[in-house]
Amino acid sequence: QVQLVESGGGLVQAGGSLRLSCTASGGRTFNVYAMGWFRQAPGKERQFVAGISRTGASIYYADSVKGRFSISRDNAERTTYLQMNSLKPEDTAVYYCAAGSGIFYTNNYYTTGSYDYWGQGTQVTVSS
């Protein structure tokens, strides 16, 4: 029903910036979906990075990225973004975009099981 495609990953030096994009096709109008970004490093569990509500009025970040990453969305373009600044080697991971069609309370943004649809992921590598 919904396909999510991420782009913008790549190799960057520590201290640099990247902007990830996630565009949705199919499904309902984009503003019915809560959106999230997660990441998974080798040998690690998939972890929450950032989330944004249907209207963009509510935004949530993992403590590890607060002050460095910014999530946003453009519902007309059916796209959500993750601006990543001051990147660190520990940010290296595959980054996944996710969409959720259910009712989201604050705690739901942090949980992989809250989301119905996932992208294929995009690799972000930060060198020292």
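In this text the structure is predicted, and so the values were computed from the model without any measurement. (Residues numbered from 1 in each chain as written. Predicted model: local features only at pLDDT ≥ 70, side-chain atom pairs only at ≥ 80, totals over all residues. Heavy atoms only, no water.)

**Q** What am I meant to see in the state of the cysteines here?
**A** Here is the idea: a disulfide is a covalent bond, and it sits between the sulfur atoms of two cysteines. A full pass over the atoms with the stated rule returns 1 disulfide. Covalent S-S linkage joins Cys22 and Cys97, the inter-sulfur distance amounting to 2.0 Å. With the S-S dihedral at roughly -75 degrees, the linkage between Cys22 and Cys97 falls on the left-handed side. Note that Cys22 is positioned in strand S3 (residues 18-26) and Cys97 in strand S9 (residues 93-100), a separation of 75 residues in sequence. Grouping residues by exposure puts Cys22 and Cys97 together as buried. (Disulfide = S-S within 2.5 Å. Helix = DSSP H or I, 4+ residues; strand = E, 2+ residues; numbered from the N terminus. Buried < 20%, exposed > 50% of the residue type's maximum accessible area, 1.4 Å probe, protein only.)

**Q** Would you take a moment to explain the side chain of Glu6 for this structure?
**A** Checked against the element boundaries, Glu6 lands in strand S1 (residues 2-7). The charged side chain of Glu6 is buried without a salt bridge, its nearest counter-charge being Arg46 at 7.7 Å. Reaching out from Glu6, the side chain makes a polar contact with the backbone nitrogen of Gln120 at a distance of 3.1 Å. Once residues within four sequence positions are removed from consideration, Glu6 is found in contact with Ser21, Cys22, Trp37, Tyr95, Tyr96, Cys97, Gly119, Gln120, Gly121 and Thr122. (Lys, Arg positive; Asp, Glu negative; His and termini not counted. Salt bridge = Lys/Arg side-chain N within 4 Å of Asp/Glu carboxyl O. Polar contact = N/O pair within 3.5 Å; in protein donor to acceptor, adjacent residues only side chain to side chain. Contact = heavy atoms within 4.5 Å.)

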